[in-house]
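Results of the structural survey
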Amino acid sequence: GAVVSQHPSWVICKSGTSVKIECRSLDFQATTMFWYRQFPKQSLMLMATSNEGSKATYEQGVEKDKFLINHASLTLSTLTVTSAHPEDSSFYICSAAGTRDVWTQYFGPGTRLLVL
Amino acid sequence: AQTVTQSQPEMSVQEAETVTLSCTYDTSESDYYLFWYKQPPSRQMILVIRQEAYKQQNATENRFSVNFQKAAKSFSLKISDSQLGDAAMYFCAYRSGVDAGGTSYGKLTFGQGTILTVHP
């Protein structure tokens, strides 16, 4: 299957700091990337959708100033959690759709964020 | 808006046996895609199988097959000859076949998930 990577896989930060998570499509061009948040044993919650070169579209209830998304190239999207607080601690997953198969999302391995 | 329902929070199966996971969805669209994703303890989401709504034939991938009943809006996953590595949380997902602006925009609507335990 298509390969999507995420970095870092684990991050611990202090409250008030910002954290950047990278999502890369390694073997295809990702015209669209998606960012999800997931709590243990729950389903994925879509946060935002980004198209290369365009502003991200955020889901209702997601603070766009807190979760900054940039999709600067066809292989890279970043999610920056600004001024992180303990309630932002979660598992963040990205996915990508594009030249490999426009109808299917391929997922990265996820990033565990712990804010102290 | 579309909804996806997985009514079985947990299922269990003996190794080598067959298990079926249920999924129903609600939509007014005629063109759409349905997916089953697997999320093992590593939490990496893995595509198991995909079904195009316009195809009458049920999709099959090795030991995994679906029973797609379009009129009933049902999309169940059958796992044959279950293996210990099949233990995971399984998500059913819906994607509209209509794209906004001709770009690949389609969001996935996920079900609540079913935790599958495989007993040796």
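Look above for the structure.
Quick summary incoming for the structure in this document. (Residues numbered from 1 in each chain as written. Chains lettered and ligands numbered in written order. Predicted model: local features only at pLDDT ≥ 70, side-chain atom pairs only at ≥ 80, totals over all residues. Heavy atoms only, no water.)

**Description of the pattern of salt bridges**
The full count for this structure, using the stated rule, is 9 salt bridges over all chains. A salt bridge links B:Lys107 to A:Glu59; the nearest nitrogen and oxygen atoms lie 3.0 Å apart. With B:Lys107 in the loop between strand E10 (88-96) and strand E11 (108-110) and A:Glu59 in the loop between strand E6 (57-58) and strand E7 (67-73), the pair connects residues from two separate chains. Of the residues examined, B:Lys107 reaches a relative accessible area of 33% and is grouped as partly exposed. With a shortest N-O distance of 2.9 Å, A:Asp88 and A:Lys66 are connected by a salt bridge. A residue pair is termed long-range when its members are at least 10 positions apart, and A:Asp88 in the loop between strand E8 (76-81) and strand E9 (90-98) and A:Lys66 in the loop between E6 and E7 qualify at 22 residues. A relative accessible area of 4% means that A:Asp88 is categorised as buried. Among the charged side chains, a salt-bridge network with shared partners connects A:Asp101, B:Arg50, B:Glu52 and B:Lys55. (Salt bridge = Lys/Arg side-chain N within 4 Å of Asp/Glu carboxyl O. Helix = DSSP H or I, 4+ residues; strand = E, 2+ residues; numbered from the N terminus. Buried < 20%, exposed > 50% of the residue type's maximum accessible area, 1.4 Å probe, protein only.)

**Notes on the layout of surface pockets**
Residues and elements named next belong to chain B. What the largest pocket holds in volume is close to 320 Å³. Every residue lining the largest pocket is counted, 16 residues in all, and those nearest its centre are Val48, Ile49, Arg50, Thr60 and Glu61. Contributions of two or more residues to the lining of the largest pocket are made by strand E6 (46-52) and strand E7 (60-61). Residue contributions to the lining of the largest pocket peak at 7 residues, all from E6. Per-class residue counts for the lining of the largest pocket are 6 nonpolar, 5 polar and 5 charged. Volume-wise, the second largest pocket comes out at about 220 Å³. Residue composition of the lining of the second largest pocket, by class: 7 nonpolar, 2 polar and 2 charged. (1 Å grid on protein atoms, 1.4 Å probe; cavity = no way out; pocket = protein on both sides within 12 Å on 5 of 7 lines; lining within 4 Å. Points joined across faces, edges and corners; volume = space filled by probe spheres on them. Nonpolar A, V, L, I, M, F, W, Y, C, P; charged D, E, K, R; others polar.)

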